[in-house]
Each structure stands twice: as structure tokens, then as C-alpha cells.
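# Inside the fold
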Amino acid sequence: MHPDDHEFVHKGLSVIYKYRRSLQDRRHLLVVFSGGFGEDKRYDLNGSVVDGIRTDILWIRDRFDGDFSYYIRTHKRGELIAEAVNALIEKIRLERGLEKQHCTFLGFSKGASGALFHAIANDYPNVIAVVPRMNIGTANRRQRPQVLKQLIGEDTDQGVAELDELLPSMLANDANRARNIYVFSSPADPQYKTEIIPFIPAYERYENFNLVVTESPLVVRHRDVGSYNIPLLLATLAALGEGAVPRYGNVRNGTKVFSSSVPAPSIDAVRDRRETVSRLTSLALRDGRFYPEGLLFVKGQGTKGAEQFSRKLVLASGRRSRSYELESLTDDRLNRTFFENQFCDYSEGKFATVERGGIDLAELAPGRYTLRLELEHSGVSASVDDVSADPLDVSAAVGKHLVRLRSTGDSVVLHKGSILAGCGAGSHFKLGKVMAGGSKVHVEGQYVLPGIRTPRRATMSYYLVLAKAGTHTPVASYPLTTSRRKFSGESVGDPLGNYGFTYFGTPSNEGIPLAGAVPGEYDLFITASAGSIATSHATGLRLMVSGKGETVECSIRSIWPVPGGQRAAAWMANNRPSVARSLRRDLGRIKRRVFAAKP
């Protein structure tokens, strides 16, 4: 359950909801019924969009035992769904000392169906229904049979007919005609002809029925109606919250129905500016590839079906550069975001790499690259060197290289270099368990970089690096996992720092399989990276790989020299193990006798 969510239990049924108390002295309750069928769908009209609404707000999630219900029923729970939802609303209403006339129900799509149902069934006077679904059974049989199964179980003509008749019969038989009902729709919504027009006569029996029909090139589908009308919805909610009930009647809004004797501003004025819209909206390093996405087009020039519209991403390093073709992604929201003077179709102004496959970083030569975008659009050529993007600082291993990616907000730089970096000054490094056997090698330990705090697991990344014996030339790298271990920041001059996730190890402590590795000797290093910062530390261990293919054998030995008696003891342990064991036993006896003889 999300941290903002609460649970209300009614007769064993759990209802998940979110609640915000009123701001200032407003005495009104807004109940939001949400549309959509995504697995992670939570609430509509949520977030900063409601900052100007001063009333209490109750958001109710439409998910019961994993099923969608339209806030009315499911096959498993029957009408208990509607009973539990009403019980929650009544609980909040009475706690806040409100009468039903002090409540407004708002719903989108299936949420609008739920808002209408509960307003009529439980006699609440104020309801706003945005593109409501009336023929619940037929629509889900055609578009979402799985949801129909959740609602009624087996798909039968009788069950579908009963769902279809539910809301229309409630409208027709409602004895309270003093309700304030606001319905929002659009001819661009395919459901307008089947879910709105046939029921207008039933709605018109109410004393204050208001129908807002949107006709705009920015509204092209079902979901666009709500987002386009957010200003009017918020105004209506604010007015109802103040007790000032709006009476709109039948309203048509949008530029398709707008008329004026004064000439409208022309799209030509926008086109003449030759303004390039360029922005990187997403940057990611994943699985050895670079995934950039963003916006690139000329404002005032349509992108959909444009005869001349090509885009490239260029990685430039001195005189060397690599260019990559970009493909269009469709996003109708760009038409609203960049609308100016007149409608222009920017829906294909978004870009990504071909088939969203990313850029193979293994094929990129080592070096420092700046990112540039190039555009040819309806006779306009543009090269954008200073590409805007959200600040970002990440890195990822690609074989024996470390790729760093950094955005400062107005430029993007990518660097590919050796995964072996210098040792960070003041760092703390300590090896723990080390094992090698068969084709696997395991290392674990702690590597702390001063000033780079690690309160979360993903803050730091660690890699086991194999380098040619006696050199700093890497040949391969393997990602390690992190776990939480207690570590005092005083050791690195930061007593207040949280360095919990600095203990590295192999995945599940099962070792890293080296089957297929080239036989030979390799020195082992640990590289730690946080963002584009990376340091490496030698382990003092040498890995010997013998055999070939799937039958390689791994062993490890120390290569760091040890002084004096430690060197002799190490030689003895490796070459005369029986003698070493005998000496350890004798030394133990001597120590015990010495301590026993002390007064």
C-alpha cells in the first residue's frame, strides 16, 4: 500500500483511499471516483492540480481483491462493494459534520459511472460526470472481457443486459429532480453517440442539468475530454465548494465552435520565427546501451506526415563523431503543450533511437563526447549543440570500460574510459571473505569513499575488475551487489554521514561464474562508482584461470609482500602446512604457560 493511502474495512472488505482535510475554513467534501484500468492505477485529479481546491477531498481507489468494480459490484463481492464505498463516504462526511448537500461527487469514465450511481442511490445532490460509461455490460464485453468477468463472472446475455440497464433505470426512476448534474463529453469520443446522446432526455428532467460538449482539435479521444476541461472542472468544483451552484445549461467549448469578427492570429507568425523545440526528456544507460529520448521539431511546422522531417543524434569527440538516426514517437499531448495561435499537429515531434533499441556503447571508441541534435524539417535546418535536459549524473560498466553520462541542464557529455580509475584519497578499503573454486570466484568487503554517503542501496555501484597480471590494463568487469553493514563515518572524516550500503559482494554470495574466460593470470581490483565519480582499489589478489571452455578452474593467491616473520609464516603455510600447524600448536602452549606463570 502506498504511504499516502489508508484502509477502511467494512464487513471484511478492504477499501483503499486517500484523504486530505479542507484548507482554510471551507466546509465541503469532494469525493473523486477514478477511471482507467492500469494495474498500478490509483487516483484521478491527484497532486498539485488540486492545490487551489479548498474543500476536503476523498479519493477512493477502484480495486477490490484485485478486481475493478466501477465502484458498484464485483463477481466475488456482489453489492458489498457499493455498500462499503458508501459506508466510507458516510464515515468521512459525518466526522466532518457535513450534510449531503455539502458534498460533490466527481468521476472520470468508469469513475463517472460510479459517481452517478452513488449520487442517485444515496441521494447526494452534486455530481460531475466526465465521459461516463452508461452501457457498462456491452462496452466491457466488447473492449475489456476480463473486466466484465470481474464484474459478473460468466459472460451471459442476461448479466450484460442487467449491467447495461443499471444506470439508465436509475436515471429514469430517480424521484429527486433537484440535483445539480454536470456531464462533460465530446463528439471526438467514440462513446459520445452510445453513452451520452441516448440519455440526454433522461438527464434533462433534472432542474439543473449541465452538458459541456467539447469540440477542439486538441480533443481526439476519450481520455482527452477530462484533461482539456481541467480549468472548467476546477472552477465548477471551487464554486460548488463555496455554495455557489453554477448553471451552465448546454455549452459547447473549443476552437471548432469559437467565432469572432476579429481575425485570429495566424500560425504563419509562429512559423516565421523558425523556432526549434529541442529537449532531452529521458537519458538512460542500461545493458551496455545508451537510451536517449526527447523532442525535436520546428514550431509552426506539422510533424505528422511531413514530407521533410529527419533527425539525428550526434556524439562528437574532437574531429571524430558518430551519428545515429532517430525515429518518431507519437504523443498527442505535444499539441496541447505547444499550441500557439492555431492548431498545428506536433504529435510526432518526440523522438527515440530506432525501434527504441538504444545505442550500442561497445561499438563506441573510448573518449569524451558531447551530444548534439541535428534537424531537417520543412526546409529548416538546425543543429542544437546546447541541448537542454534535466540534471543527471550516472555511470555504467561496459565490459572493460566505464561509461559516464552527465547532464548539467543545458549540455550533455558522455565519457567512455577504462573501468580502472585512480584510488580515492582518504578512502576506506577492507577485504572480507575471498574464495575461488571450480569456475567461480567470490569476493566481498567494504569500500567507502569519503563524502559519498550511501543511505540507499542504489547510491553506489561496485565492480570486480580483472586486469592483466602485473598491469593496470583491464580485460573484464563483473557487477557486484551491495548490502547494509554498520560503518562509522569517523573513519573517513565524516562522523555524521550514513555509509550503510558500502559492503560489496557477489550476487547472492554465490560467486561469479568465469566459464569461458581465457586461461591466464589476472590481478583483481574493485571499482566503486557513484554517478560519474569512480575510483578503484587493488585487492592484492591474483586470480589463476586454467583449463578452457566450461571446465575452467579458478584459484587465488596473494601477491602483496608481507614483512619479516609474516612472510616466513605465509611461505610455511603454503609450502609446509603440517610444520606450520605444529608450530602454531607449540606457540599456543608457550603462551598459555607464560600467562599461567604471571603473578
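Overview of the structure. Sequence order as written defines residue numbering, which begins from 1 separately in each chain. Per-residue local features are limited, in this predicted model, to residues with pLDDT of at least 70; the limit for side-chain atom pairs, both in listing and counting, is 80 or more; totals at the level of whole chains, interfaces and linings are taken over all residues. In computing side-chain properties, one takes all heavy atoms of the structure into account and sets aside hydrogens as well as water.

Under the scheme used here, helices are H or I runs from DSSP no shorter than 4 residues and strands are E runs no shorter than 2 residues, and both carry numbers assigned from the N terminus. Along its length, the protein chain carries 13 helices and 29 strands. Counting only C-alpha atoms and orienting by the principal axes, one finds that the protein chain spans roughly 105 × 75 × 50 Å. Classification of the 599 residues of the protein chain by burial places 49% in the buried group. Two residues form a contact once any of their heavy atoms are found within 4.5 Å. Contacts spanning at least 24 positions in sequence make up 66% of the contacts within the protein chain whose residues lie at least 6 apart. When the accessible surface of the protein chain is totalled, it reaches about 29,200 Å², and 50% of it is carbon and sulfur. The convention is simple: Lys and Arg are positive, Asp and Glu are negative, and His and the chain ends are not counted. Here the site of a charge means NZ on Lys, CZ on Arg, CG on Asp, or CD on Glu. Here the protein chain holds 79 positive side-chain charges and 64 negative ones, and the gap between their average locations is 12 Å. Residue burial is assigned from relative accessible area. The probe radius is 1.4 Å, only protein chains are included, and a residue is buried under 20% of its type maximum, exposed over 50%, and partly exposed in between. Per-residue accessibility takes into account occlusion by the displayed protein chains alone, with areas from the Shrake-Rupley method and a 1.4 Å probe.

Turning our eyes to something else, we now look at the sheet that holds strand β3 (residues 29-33). A pair of strands is labelled paired if DSSP reports no fewer than 2 bridges between them. One open sheet accounts for 9 strands, arranged β1-β2-β4-β3-β5-β6-β7-β8-β9; its pairing is mixed. Where the open sheet ends on each side, the last strands, each with one partner, are β1 (6-10) and β9 (250-253). For this sheet the average axis-to-axis angle between neighbouring strands, irrespective of direction, equals 20°. Alignment of strand β7 (residues 180-185) against strand β8 (residues 208-214), held across 6 bridges, turns out to be parallel. Bridge assignment links Phe184 to a residue of β8, and that residue is Val212. Sitting on the sheet, helix α2 (residues 110-121) touches β3, β5 (103-108) and β6 (126-130), and the angle it makes with β5 is about 150°. Fitting a line to C-alpha atoms yields each axis, with helices limited to the stretch in contact; the angle taken between N-to-C directions then spans 0 to 180 degrees.

Turning to helix α9 (residues 230-241), a few remarks are in order. The span expected for a helix works out to 1.5 Å for each residue beyond the first. The end-to-end C-alpha distance of α9 is 16 Å, a good match for the 16 Å that 12 residues give at a rise of 1.5 Å each. Taken as a whole, α9 has its buried residues at Leu233, Leu234, Thr236, Leu237, Ala239, Leu240 and Gly241. In this structure, the buried residues of α9 make contact with β3, β5, β6, β7 and α8 (224-228). Two residues or fewer after α9 comes Gly243, characterised by a positive phi angle close to 80°.

Attention now goes to the layout of surface pockets. Cavities and pockets are defined on a 1 Å grid built over the protein atoms alone: a cavity is a set of grid points where a 1.4 Å probe fits but cannot escape, while a pocket is an open set with protein on both sides within 12 Å along at least five of seven lines, and lining residues are those with an atom within 4 Å of any such point. Grid points are joined across faces, edges and corners, and a volume is the space filled by probe spheres set on the points. Considering only enclosed or pocket space, the largest pocket measures out at about 590 Å³ in volume. Lining the largest pocket we find 28 residues, and of these Lys41, Asp44, His222, Arg223 and Asp224 sit closest to its centre. With 4 residues, α8 is the largest single contributor of residues to the lining of the largest pocket. Side-chain classes are defined by residue name, with Ala, Val, Leu, Ile, Met, Phe, Trp, Tyr, Cys and Pro counting as nonpolar, Asp, Glu, Lys and Arg as charged, and the others, Gly among them, as polar. Residues belonging to the lining of the largest pocket are distributed by class as follows: 8 nonpolar, 8 polar and 12 charged.

Leu58, Ile60, Ile89, Phe105 and Tyr203 are the most contacted members of the largest nonpolar core, which has 59 residues in total. For this core, the element with the highest residue contribution is helix α1 (residues 80-95), accounting for 9 residues. The contact partners of Phe105, leaving out residues within four places of it in the chain, are Val31, Phe33, Ile89, Ala115, His118, Ala119, Tyr124, Asn126, Val127 and Ile128. Buried Ala, Val, Leu, Ile, Met, Phe, Trp, Tyr and Cys residues form a nonpolar core when they are joined through side-chain atoms within 4.5 Å. Judged by nonpolar contacts, the second largest core, of 39 residues, contains Leu296, Tyr324, Tyr369 and Leu375.

A few words on the packing of aromatic side chains. Geometry of an aromatic ring pair is reported as the spacing of the ring centres plus the angle between the planes. Only rings of Phe, Tyr and Trp enter the pairing, Trp through its six-membered ring, and a pair is recorded when the two centres are within 6.5 Å. The plane angle decides the type: under 30 degrees is stacked, over 60 is edge-to-face, the rest tilted. Taken as a whole, this structure holds 15 aromatic pairs when the rule is applied. Ring plane angle 25° and centroid distance 6.2 Å describe the contact between Phe429 and Phe504, whose orientation is recorded as stacked. One end of the pair, Phe429, is in strand β21 (residues 428-437); the other, Phe504, is in strand β25 (residues 503-505), with 75 residues separating them in the sequence. With a relative accessible area of 18%, Phe429 lands in the buried category. On the basis of relative accessible area, Phe504 is assigned to the buried category, the value being 1%. Members of the aromatic cluster, connected to one another through ring pairs, are Phe33, Tyr71, Phe105 and Tyr124. Look at NZ for Lys and CZ for Arg. If either is within 6 Å of the ring centre and within 35 degrees of the ring normal, a charge sits over the ring. In this structure, Lys110 packs its charged tip against the face of Phe37, placed 5.5 Å from the ring centre. Across from the ring centre of Tyr503, 3.8 Å away, lies the NZ or CZ of Arg485, which sits over that ring.

The tally for this structure, following the rule as stated, stands at 2 cavities of 30 Å³ or more. Within this model, the largest cavity holds a volume of roughly 40 Å³. Every residue lining the largest cavity is listed: Ser34, Gly35, Gly36, Lys41, Arg42, Arg61, Asp62, Phe68 and Lys110. In this structure, the second largest cavity occupies an estimated 30 Å³ of space. Lining the second largest cavity we find Pro217, Leu218, Val220, Asp224, Asp332, Asn335 and Arg336. When its residues are assigned to classes, the lining of the second largest cavity shows 3 nonpolar, 1 polar and 3 charged.

Turning our attention to the packing of helix α4 (residues 145-152) against helix α5 (residues 157-173). It is at 11 Å that the axes of α4 and α5 come closest, and there the two elements cross at 85°. Of the possible angle classes, the one that applies to α4 and α5 is roughly perpendicular. In contact with Leu148, Leu151 and Ile152 of α4, α5 contributes Gly159, Val160 and Leu163. Residue composition of the contact of α4 with α5, by class: 5 nonpolar, 1 polar and no charged. Our angle categories are set so that under 35 degrees counts as roughly parallel, over 145 as roughly antiparallel, 65 to 115 as roughly perpendicular, and the remainder as oblique.

In this section: the pairing of β21. Inspection of the sheet shows β21 paired to strand β22 (residues 440-448) by 8 bridges, in the antiparallel sense. Its bridge partner being in β22, Met435 is matched across the sheet by His442. Once β21 ends, the chain turns through 2 residues before running back antiparallel as β22, passing Gly438 with a positive phi of about 60°.

Let us now look at the pairing of strand β19 (residues 401-407). Most of β19 is tucked away: 6 of the 7 residues are buried. Pairing geometry for strand β18 (residues 392-398) and β19, over 7 bridges, is antiparallel. Its bridge partner lying in β19, Ala397 is registered against Leu402. Counting the residues that bridge the hairpin from β18 to β19 gives 2 residues, and of these Gly399 lies at a positive phi of roughly 65°. Between the end of β19 and the start of strand β20 (residues 412-418), which pair antiparallel, lie 4 residues, with Gly409 showing a positive phi angle near 110°.

For the rest of this paragraph, the subject is the environment of Lys256. Mapped onto the elements of the fold, Lys256 is located in the loop between β9 and α10 (267-272). Classification of Lys256 as exposed rests on a relative accessible area of 57%. Linking Lys256 and Pro217, residues 39 residues apart in sequence, is a C-alpha distance of 7.4 Å. Apart from residues no more than four positions distant in its own chain, Lys256 is found in contact with Glu215, Ser216 and Pro217.

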